[in-house]
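Tertiary structure, described
Residues per chain, in single letters:
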Amino acid sequence: MTSAAPAFPSPVPPATAPYGELAATTVDTAARNVRDLLALAIEYAPSHGALIVHDNRCDLNRALTEAYRRAIPGATFIDFDTVTPEHVLDAFARMAPGDLVVLIQSTSFRLEAFRIRIELFKRGLKVIEHVHLSRMPGEQGRHYIDALAYDPAYYRGVGHALKARIDRAAGGVIDSGGERLVFGSPFEPAKLNIGDYSAMNNVGGQFPLGEVFTEALDLEAVHGRVRIFVFGDTQFLVNRPEHPITLIVERGRVTGVEHSTPAFDNMLAIVRAHEGEVWLRELGFGMNRAFSRELTVNDIGTYERMCGIHLSLGAKHGVYPKPQIRRKDARYHVDVFAVTEAVYLDDELVYQDGAWRV
């Protein structure tokens, strides 16, 4: 007679972490960064109301929502996917000027014709938008949370100094490692996205922060060559070719490329098909040190804050009207990121070794 095999309990699968691959310590960091943003950038006071509209579709959304629960325990929280659009609109209507609305979106919330951030600003509300979080899974979520850290001395000090230097410059040069893109014109008055709203009508916007941007006053005075290591594809995702692509720019237009890829060629073809030519417009001075040439995230709108230079291809850049470009004909704004060895405004070196020097 053989003895029965000993009975062992069936293995119990480990409980799923509430934030997936994001560790609890990452949520602690998120809560700390959110508290700093609220206090130092948004200047939110607990005496004002706070409404957090979120969803639960991705780990990063759940982690950020928990961070706001810790930072503003008295806030009202609404899961966008569990209520009707009318419920959300009614909640907005109950907010008073100076109150805060935070939108934590795995994609981007849609409320028919209601342009959420613009309409909320019209009501005098402070607004923080986190968008397209589902595009940044896993470890990228931690990078996004790191990018929310707010250092007012850095952002305001360097940001205002960059604006002052840009606004008085007669021109500039981007050195992208043996190639030079020349801006032979003064620049449009620079705009700031640095968490300082003291001179602005509205408080808040899309986060993370960290950018000063402008463009050439005379677009046709831009010429030369520039190497790019990332571009935004047709899905608004970061596309990183194996080797940098060189753009040839004449009279403010991309007239040729070297070492291109089929995806980049396709993007240029789409722009040319609708706009006839490919303008080079925005000159962005990214400041967020959580992102670099090596440290990226998939969402191109988030990565735009990367510490370095980004440019835009296509006629669309509504901030600065230009006589030769009709707004109704401008359809495309494609972000591309320059290999940035150095940046000069006039003859002054303002960027080198991955950092701004102003």
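Shown above is the structure to which this text applies.
Scope of this entry: the structure provided in the associated data block. Just so it is clear, the structure is predicted and the values come from calculations on it, not from any experiment. (Residues numbered from 1 in each chain as written. Predicted model: local features only at pLDDT ≥ 70, side-chain atom pairs only at ≥ 80, totals over all residues. Heavy atoms only, no water.)

The description of an aromatic ring pair rests on the distance of the ring centres and on the angle between the ring planes. Under the counting rule described, the total for this entry stands at ten aromatic pairs. An angle of 45 degrees between the planes, with centres 5.3 Å apart, marks the rings of Phe285 and Trp356 as tilted. One end of the pair, Phe285, is in strand β14 (residues 280-286); the other, Trp356, is in strand β19 (residues 355-356), and 71 residues separate them in sequence. A ring pair is formed by Tyr351 and Trp356, whose centres lie 4.6 Å apart and whose planes are at 65 degrees; its orientation type is edge-to-face. Here Tyr351 falls in the buried class, since its relative accessible area comes to 4%. On the accessibility criterion, Trp356 (10% relative accessible area) is buried. Among the aromatic side chains, those forming a connected cluster through ring pairs are Tyr150, Tyr154 and Tyr155. In this structure, Arg289 is placed above the aromatic ring of Tyr154, and the distance from its NZ or CZ to the ring centre is 3.5 Å. (Phe/Tyr/Trp six-rings, centres within 6.5 Å; stacked < 30°, edge-to-face > 60°. Helix = DSSP H or I, 4+ residues; strand = E, 2+ residues; numbered from the N terminus. Buried < 20%, exposed > 50% of the residue type's maximum accessible area, 1.4 Å probe, protein only. Lys NZ or Arg CZ within 6 Å of the ring centre and 35° of its normal.)

Pairing analysis gives four bridges linking strand β1 (residues 50-54) to strand β2 (residues 76-79), with the strands arranged parallel. Bridge pairing in β2 places Val53 opposite Ile78. (Pairing = 2+ DSSP bridges.)

Take the sheet that holds strand β3 (residues 100-104) next. Ordered in space as β2-β1-β3-β4-β8, the five strands form an open sheet in which the pairing is parallel. Among the strands making up the open sheet, the edge pair consists of β2 and β8 (204-206). Geometrically, the sheet is characterised by an average inter-axis angle of 15 degrees between neighbouring strands, direction not taken into account. Judged from the three bridges that link them, strand β4 (residues 126-130) and β8 form a sheet pairing that is parallel. When the sheet's bridge partners are listed, Val127 is paired in β8 with Gly204. Across the sheet, helix α2 (residues 59-71) is in contact with β1, β2, β3 and β4; its angle to β3 comes to roughly 160 degrees. (Axes fitted to C-alpha atoms, helices over the stretch in contact; angles between N-to-C directions. Contact = heavy atoms within 4.5 Å.)

A separate point is helix α1 (residues 24-42). The terminal C-alpha atoms of α1 lie 25 Å apart, and with 19 residues this matches the ideal 27 Å at 1.5 Å per residue to within 8%. Listed in full, the buried residues belonging to α1 are Thr26, Val27, Thr29, Ala30, Ala31, Asn33, Val34, Leu37, Leu38, Ala41 and Ile42. Looking at the residues trailing α1, positive phi occurs at Glu43, about 55 degrees. (Expected span 1.5 Å × (residues − 1).)

A word on the pairing of strand β17 (residues 342-345). Inspection of the sheet shows strand β5 (residues 172-175) paired to β17 by four bridges, in the antiparallel sense. Across the sheet, Val173 pairs through a bridge with Tyr344, a residue of β17. Bridge count for β17 against strand β18 (residues 348-352) is four bridges, and the pairing is antiparallel. Residue Tyr344 lies in a different strand from β18, and its bridge partner there is Leu349. In this antiparallel pair of consecutive strands, β17 and β18, the connection spans two residues, and Asp346 shows a positive phi of 55 degrees.

Let us look at the pattern of salt bridges. For the structure shown, the criterion picks out 27 salt bridges. Where Asp59 meets Arg62, a salt bridge forms, and the shortest distance between an N and an O atom there is 2.4 Å. Note that Asp59 and Arg62 are positioned in helix α2 at a spacing of three residues, about one turn of the helix. Relative accessible area serves as the criterion here: at 26%, Asp59 is assigned to the partly exposed category. Overall, the relative accessible area of 25% leaves Arg62 in the partly exposed class. The partner of Lys322 in a salt bridge is Glu215, with the nearest N and O atoms 2.6 Å apart. You can see Lys322 sitting in the loop between β15 (308-313) and β16 (334-338) and its partner Glu215 sitting in the loop between β9 (211-214) and β10 (222-232), a full 107 residues away along the chain. Residues joined in a network through salt bridges with shared partners are Glu188, Glu215, Arg281 and Lys322. (Salt bridge = Lys/Arg side-chain N within 4 Å of Asp/Glu carboxyl O.)

Further remarks concern the side chain of Thr261. As for its placement among the helices and strands, Thr261 is situated in the loop between β13 (253-258) and α7 (262-275). Looking at Thr261, the relative accessible area reads 17%, which means it is buried. If sequence neighbours within four positions are ignored, Thr261 has contacts with Phe231, Pro241 and Ile245.

Taken N-terminus to C-terminus, the directions of α1 and α2 make an angle of 55 degrees; their axes are 8 Å apart at the nearest point. Looking at the two axes, α1 sits oblique to α2. For α1 against α2, the interelement crossing comes out right-handed. On α2, the residues touching Val27, Asp28, Ala30, Ala31, Val34, Arg35 and Leu38 of α1 are Ala63, Glu66, Ala67, Tyr68, Arg70 and Ala71. Considering only residue class, the contact of α1 with α2 consists of nine nonpolar, no polar and four charged. (Parallel < 35°, antiparallel > 145°, perpendicular 65-115°, else oblique. Left-handed = near helix turned anticlockwise from the far one by under 90°. Nonpolar A, V, L, I, M, F, W, Y, C, P; charged D, E, K, R; others polar.)

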